[in-house]
Structures are given as C-alpha cells and as structure tokens.
Amino acid sequence: MPNPAWFKNGNIATRIGKHHLAFLRAYVEGLSVPDIAERYLGIDPDAPAGLSLGKETLRWLRSQFLRAGKRSKKLPNPRLIFIAPERLHSAPSPARQTSIPTLEEFVEEYGYDDFSEAEQLEAWQARFGDTSAVKDRKTERNDRLRKKQLLAIKHYEEVFDAVPTLDDALAAWVDGTLARRLAENGFVSIASVIDMINTRGNTWYKDFPRIGVIAAQQIAGWLNCEPVQAVLNKPVTIRARLNRTERKGLPVSALRTRQFGLVPMEILHLPEELSGKNGLFRSLDNFEKHADDVAMIQSWLNTKSGLTRKAYQSEAERVLLFAVLELRKSFSSLTAEDLHRYKTFLGSLAVEDEHANPIAWPFHQSREFWISDRPFSRSDPRWKPFAGALSPVSQQRGLTIIKTLYSFALNCGYLRYNPSATLSHKVQSYTVSQAQERVFTIDEIRYLIEFVDSDYRLQVGLDHYERTRFLFLYLYLTGLRISELAFARVSDIKPVYARGAFTGDYRMQVKGKGNKVDEFVLSEQAILCANRYLKHCDKPPIGMNDTSDYLVGTLNQKGAGVPRNKNFSRNLHDIITSFLSAAAKPLKQEITELVGKSNSGANQENLSVKISYLRGMVNHFEHGSAHWFRHSFGTHWIAADASVQSVQHKLRHKSISTTLLYIHNVLDSEIATTRKMSQVHAELLNTRMTNLPLPGQEINVDDSGS
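Note that the structure is a prediction, hence the values are computed from the model and not measured.

Undergrad: Looking at this model, I keep getting lost on the overall build of the chain. Mind explaining?
TA: Each helix and strand in the chain was counted, giving 31 helices and five strands. By the burial criterion, 42% of the 706 residues in the chain qualify as buried. Long-range pairs, those at least 24 residues apart, make up 61% of the contacts in the chain between residues at least 6 apart in sequence. Accessible surface, the chain: about 39,300 Å² in total, of which carbon and sulfur atoms supply 52%.

Undergrad: What's the story with the packing of helix α21 (residues 442–453) against helix α23 (residues 462–478) in this structure? I'm lost.
TA: Two quantities define a packed helix pair, namely the angle between the helix axes and the distance between the axes. The contact between α21 and α23 brings their axes to 10 Å, and the two run at 165°. When the axis of α21 is compared with that of α23, the two are roughly antiparallel. As for the relative orientation of α21 and α23, their crossing is left-handed in sense. Every residue of α23 that contacts α21 at I442, I445, L448, I449, V452 and D453 is listed here: Y465, R469, F472, L473 and Y476. Within the contact of α21 with α23, the residues separate by chemical class into nine nonpolar, no polar and two charged.

Undergrad: Help me understand the side chain of D338 in this model?
TA: Considering the arrangement of structural elements, one finds D338 in helix α18 (residues 336–348). For D338, a relative accessible area of 9% puts it in the buried group. Here the side chain of D338 touches T335 through a polar contact of 2.9 Å, landing on its backbone nitrogen. If we skip the residues at most four places from it in the chain, D338 touches F322, L327, K329 and S333.

Undergrad: Which parts of the structure should I look at to understand α21?
TA: At 3.6 residues per turn, the α-helix brings residues three or four places apart onto the same side. Compared with the 16 Å implied by 1.5 Å per residue over twelve residues, the 17 Å span of α21 between its first and last C-alpha is a close match. Buried within α21 are the following residues: E444, I445, Y447, L448, F451 and V452. Within α21, the buried residues cover an arc of 160° as seen down the axis, which keeps them to one side.

Undergrad: Mind showing me how you'd approach the side chain of S330 here?
TA: By secondary structure assignment, the location of S330 is in the loop between α17 (306–327) and α18. Within polar-contact distance, the side chain of S330 engages the side chain of S333 at 2.8 Å. For S330, the residues in contact, after removing those within four places along its chain, are E273, L274, S275, G276, G279 and D293.

Undergrad: Whenever I open this one, the sheet that holds strand β1 (residues 493–498) confuses me. Can you help?
TA: Backbone-to-backbone hydrogen bonds join strands into a sheet, with any given pair of strands oriented parallel or antiparallel. The strand order across the open sheet built from three strands is β1-β2-β3, with neighbouring strands paired in antiparallel fashion. Two strands close off the open sheet at either side, each with one partner strand: β1 and β3 (517–522). Across this sheet, the average inter-strand angle for adjacent strands is 40°, counted without regard to direction. With five bridges connecting them, β1 and strand β2 (residues 501–511) associate as antiparallel partners.

Undergrad: Whenever I open this one, the pattern of salt bridges confuses me. Can you help?
TA: Think of it this way: side chains of opposite charge can pair up when their charged atoms draw near. A complete count under the given rule lists 19 salt bridges for this structure. D207 is the salt-bridge partner of R200, the closest N and O atoms lying 2.8 Å from each other. In this structure, E519 engages R507 in a salt bridge whose closest nitrogen and oxygen atoms are separated by 2.7 Å. Of this pair, E519 sits in strand β3 while R507 sits in strand β2, and the two are twelve residues apart along the sequence.

Undergrad: Which parts of the structure should I look at to understand the packing of aromatic side chains?
TA: How two aromatic rings sit relative to each other is given by the distance of their centres and the angle of their planes. Counting across every chain of the model gives 30 aromatic pairs. Plain terms: the ring middles of F472 and F579 are 5.0 Å apart, the flat faces sit at 25° to each other, and that makes the pair stacked. With F472 in helix α23 and F579 in helix α26 (residues 567–599), this residue pair connects regions lying 107 residues apart in the sequence. Taking relative accessible area as the criterion, F472 reaches 0% and is therefore assigned buried. For the pair F472 and F629, a centre-to-centre distance of 5.8 Å together with 45° between the ring planes defines the contact as tilted. Note that F472 is positioned in helix α23 and F629 in helix α28 (residues 626–639), a separation of 157 residues in sequence. The pair formed by F472 and F629 is uniform in burial state, with each residue classed as buried. Taken together through their ring pairs, the aromatic side chains of F440, Y447, F451, Y456, F472, F579, F621, W628 and F629 make up a single cluster. Above the ring of Y550, the side-chain terminus of R489 is found at 4.1 Å from the ring centroid.

Undergrad: Would you take a moment to explain α17 for this structure?
TA: Look at α17: 31 Å from first C-alpha to last across 22 residues, which is about the 32 Å you get at 1.5 Å a residue. Among the 22 residues of α17, 17 are classified as buried, and the element is accordingly described as predominantly covered. Backbone geometry just downstream of α17 places R328 in the positive-phi region, at approximately 55°.

Undergrad: How should the packing of α28 against helix α29 (residues 644–651) be read in this particular structure?
TA: With their axes 10 Å apart at the nearest point, α28 and α29 run at an angle of 160° to one another. With respect to their mutual orientation, α28 and α29 come out roughly antiparallel. Taken as a pair, α28 and α29 cross one another with a handedness that is right-handed. Every residue of α29 that contacts α28 at R630, F633, G634, W637 and I638 is listed here: V647, K650 and L651.

Undergrad: Any chance you could explain a negative patch on the surface here in plain terms?
TA: Taken together, the side chains of E104, E105, E108, E109, D113 and E117 define an acidic patch exposed on the protein surface. If one sorts the elements of the negative patch by residue count, helix α5 (residues 103–110) sits on top with four residues. By the element assignment, E105 lies in helix α5. Overall, the relative accessible area of 45% leaves E105 in the partly exposed class.

What counts and how
- Residues numbered from 1 in each chain as written.
- Predicted model: local features only at pLDDT ≥ 70, side-chain atom pairs only at ≥ 80, totals over all residues.
- Heavy atoms only, no water.
- Helix = DSSP H or I, 4+ residues; strand = E, 2+ residues; numbered from the N terminus.
- Buried < 20%, exposed > 50% of the residue type's maximum accessible area, 1.4 Å probe, protein only.
- Contact = heavy atoms within 4.5 Å.
- Areas by Shrake-Rupley, 256 points an atom, 1.4 Å probe, with all protein chains shown as cover.
- Axes fitted to C-alpha atoms, helices over the stretch in contact; angles between N-to-C directions.
- Parallel < 35°, antiparallel > 145°, perpendicular 65-115°, else oblique.
- Left-handed = near helix turned anticlockwise from the far one by under 90°.
- Nonpolar A, V, L, I, M, F, W, Y, C, P; charged D, E, K, R; others polar.
- Polar contact = N/O pair within 3.5 Å; in protein donor to acceptor, adjacent residues only side chain to side chain.
- Expected span 1.5 Å × (residues − 1).
- Arc of directions from axis to C-beta.
- Pairing = 2+ DSSP bridges.
- Salt bridge = Lys/Arg side-chain N within 4 Å of Asp/Glu carboxyl O.
- Phe/Tyr/Trp six-rings, centres within 6.5 Å; stacked < 30°, edge-to-face > 60°.
- Lys NZ or Arg CZ within 6 Å of the ring centre and 35° of its normal.
- Patch = residues over 30% accessible without salt bridge, like charges linked within 9 Å, V, L, I, M, F, W, Y side chains within 5 Å.
- Lys, Arg positive; Asp, Glu negative; His and termini not counted.
- Charge placed at Lys NZ, Arg CZ, Asp CG, Glu CD.

As structure tokens, this is what we get:
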C-alpha cells in the first residue's frame, strides 16, 4: 500500500491520494472491495486481513470526507458518497420481476418450443410489450444518485488538494472530539495549538481531560511532518517533542530555534543593524577578530567557569537585551547615558504598577515583558531575564559585572570607548522588602533543629530525614556553598598534624569558584554531624574512612561514588527550600491561633509582639535558601568575636570587603572592638576604667599608676 503523504493513521487527517480516490470511484461503481483494494491500494486479497483492510480504508475515507466537509458549506454532503452500492444496483422492482416472466419461462409456459428464437421474442414482446425502453423509476433514481456520487468525489478532489494554514480551525484537520476538547480551553486554530505545545512541552496533553499520550503524539507528529511544515513553517520545537530525560544535557540552541526577541543569548538572532558589526564605538584593532557583540561576549564568558560563568552570562544577557529591545541599539553603540538609564531600569523593576506611576517606569516595554512569575529553564519559551525585582546588592553586583565586561572589550581591542567608566556602583533601594537580610537568627536555627527532629521526622522516611538534617546543619556549621557540598567527598576531610602528631582536629579541602582548591579547619560539631550521617549510611566515621565516596548521596545510593552533574546541586537546593517551607507551616498555624486569641480580647500587646516575631520567622523560611546558611555561618562567627580574617579564610572570600558584609551592625561592632582595645590600653597605661559613663557624667579614672 503506498504510504500516505502526511501521516499514517489515527486521529489526524491523512492527505488523500489519487489512489484513494480511484479506489472510492470503483467502490461507488459497485466493484468488489477485495479486487479494488488489490488494484488501487496494493492489498493482497488472499491475506488474512485483506478484506478487513479494504473495509477499514473505506471507513477511514468516510471520516476524512466528513471532516473535509466542515471546511466549506458549498461542498456536497459527504454522506451521499458512502451510500452502499448494493442499495443502488440497477434492477427492476420485486413486483415487476414477479409479473413478467423471462423468455425461457414464456416459451415453456405457452408452448413456443418449436418456434425460432426470433419468433419466440416477437411473441413475448407482443404479449408483454418492448421493455428495453422502459426503466423502473427506482432504477432511474439510483442512476442519478450514482452520477451525483461521482460528481461529489470530483468536488472533494479539489478540496483535498488544499493545504492547512495556521488560521485553520483544528477541527478541519483533527478528530472532532480532540479538537472540541482543545477548543473548550481556548485553542481553536492550528497556530494556537502549536504555540501551546511549544510552551508546555511534550506533556502538554496532561492539562486536557481525556486526551492521551498516543493522540498527543499523533497531533504533534502531524504538525511537524515535512509536507505540513512546508506550508505552515511553524514547527513544534525539539524541546516540545522530547521528555525531560531526553532533553538533559542538550544545549539551548539544540532545543529552540534562533529568533529575535526576549530569548536567551544562545538563540538570539540579531538583525545586522543591532548586531554590533558596525557599532558606534567599535575599534579597528579587534585583536581577537570578534565578528559582533554576541561573539565578543561569548569570548569573555569562555574565560569563566561554573557558577561564575552562569552569573556573568545572566548580567551580560540582561544589558544586551535591554540595549536591543528597549533602546534599539547594539551593545557596542551604548553610551554612558544609556548605561545610566539601564541602572535606573534595574532599580525600577521594584515598581509594582508602572501604569499607576508612569514617572517611576519611563520605559517602552512593560515590567511584565521583562519579569516572569517564576524562574523557567533557558529552553522554555516562557523564560525571561528576570524572575522578580533585584535587591540593591544584586543591582550592585550586576553593574560591577558589566564594568568587567567593558574592560575586557577594551583590552581585547573590540571597543575604543568604555561607557561604564563613569557608572557608579551605588544604587537606590526602592522598597523596604529589598533590603531584607538573608540570615537566619540563632533562634531560627534552634527552631529548625527542633522541627527536623520532631515534626519533620514523622512526615518523611528515615533516609530522607537523616539526609535533610545533615544537609542544613553541615551547611550552617561549615559555611559551604551548596555546589561545594554536592561534590564533596569523604576523602576531602583530612586530619591535622602538628610536628608529626595528630592535633585532634580535621581540615576540609574544597574546590570552590574557578575550580580553586582551598582548605579550612572543621569544628567539632561539624565532624559529629558528618559522622552521624556516615553511620546512617553504613560508612566508617571520619578518620577511619578515606574512600572517594561522595559525602552526600541519593536516597537509594547513600554517598556511593556514582557519577553526578551540576543538576545534583539544584536537587539539594530544592530539598533545603522544601524543608524550610515545611518548617514554616506549624508557625503559620500558631499565628492563626494567636490571631484568634487576640481578636477575642486576650492580652493583645504580648500576643501582637509574638505574632510579629513568628511572622518574621515565617518570612525568613519562605524566602530562605541553602545559601542563607552560608550567610548565617559568617554572621554568627563574627558576632561571636571571630576575626574578620579568620571568617574570610573559612568562607574563602577573595576580598575582605565581601566578608565585611557579614557585619550587620557596624556601630555595635565598633563599640565592642573599641571597648576591648580600651582594656588593652588600660593595662598598658595601668589605668583602671569603670563602665563608660553616660553623656554629661564625670569619668571615674584611677590614675594611681601614672
């Protein structure tokens, strides 16, 4: 059987070929189905399923004609074509058949045996008349119907030569029930269905009741087959055809088509006037021979790795998209004024309603154009460069990265002018919420320990409980980044020796940013925390275990040395955020109960204080992440009078200015440090000091030693 031009079978419209129409004409003429199936469709009539395949083809043709009939009201009723031929067989009515005998019957009955055949016929006609010119009215009607059938097939032949368009209703090409279920949810045209599939991915059908995976695959397959795409030119993307496992590891450029718009840089197709090939500040030197702005930025990103590259790409992408979509300029044509406008744009993202306050949002594109309601993967069509307003710290970091990018462009001879030279790092905080500290208090850490050992342990299995407990406590006790802990091995923890003797302490080697290897001394509580988890995983404790197993394993492979990729860091991060969300639920319930008591007239002042305190904890847990434990580690160590230099070493900060961010109350720290130094000075000068007096009081100093 010749393969149909569009698709094999199922719920999808298959293009009708000339062999199908010839088969149908022969059927209308009353020929045998097995014979015409062999002649026009290549079906062996002697095969076990030969007859059934021919009849199945008739049923399929009927469904296609019925569907095609919906495309125009001028077409004949398709049901006319499929009236059974045996019902239209040209034969006289039964009544007439019984009243007129055949010639043989007439000869025998009336004794014309000895007459010649011509004489017999003449006698028969003399008695019954010349019936060759008389036709039964039913026979005449049937002949007229057959002619209409053949004419209707000719009309439909022209329709089947038509091709689908993006504006066509899906019901004209897809099974009516499926099309109706999609239309009920607002997806009527072919274009809207393609957009929906590309956005939701290969599991799109799960959003629609009673549409299964097979029907979904047939629809996507038909939409994407070569003849259909030749006329539609709007494909179902590779991302939408592959499941999550199949997409894993594939670059964005392999999953989405290149285009101009709000898309990741890997698939951003810039018109020549915005590409930077003729940028206003392009240099003639161009030592690296970068073709355009994107090529220069990619070269700069290639000097970075890991999370640093990811952060730098995000900031470069944002300013590039702002340049081409908002300012309609290439990156290499931006001026200092343009960058200051970009700085204003970053701060203005916190404006909740730009329509109510147009002065606070002086940009062409709306705020919703730039910001998604939640983070999406870069291969997702719903991806946007921002997932919310940026905090002042994030804005500051972004501007710093942009200045680094411009320095690279200047140094490699790509640009002859640096517009970021006058760009200040100082940013304005538009909302109080953006200044929120990302640090858990000691009380909050204490609550998390109590929660994980009580409520949480009852909610999840033992393996899940032990791993979650180890994760958040070890992050807090060591200050590790989640990515560092994800790839840490048991053998990275080594004993400390001094003058050939074991000191009782342990140090941990860590591969941090830029694959730089550092080490720091672990606290006793960190070792105990690790040993508890290793014991649960049936592993020897620290000091007796030098295996290369990962410190953190999956639930079914506890710390085993199985390969892992960067997605494991994200999985651990999700475990932490899920745990923090669970920790917030009991507090919310307690708040609800306290609010009820407050409304009933109980001690409102005390209840109000407690409610406010609990709401602060809930806010921290709902917005917290794995990285908050690193901030908490640094903050609590400095609050416990650890030196900034020692905390810098433990956190492996390149610059001490980064560590100084963990000093959250500079005045308190300065007073405490000053008083400590005053004690030192007092001993040096042999001066005994009392508590510092209040302003206006006399200073009581015993200066007997001077």
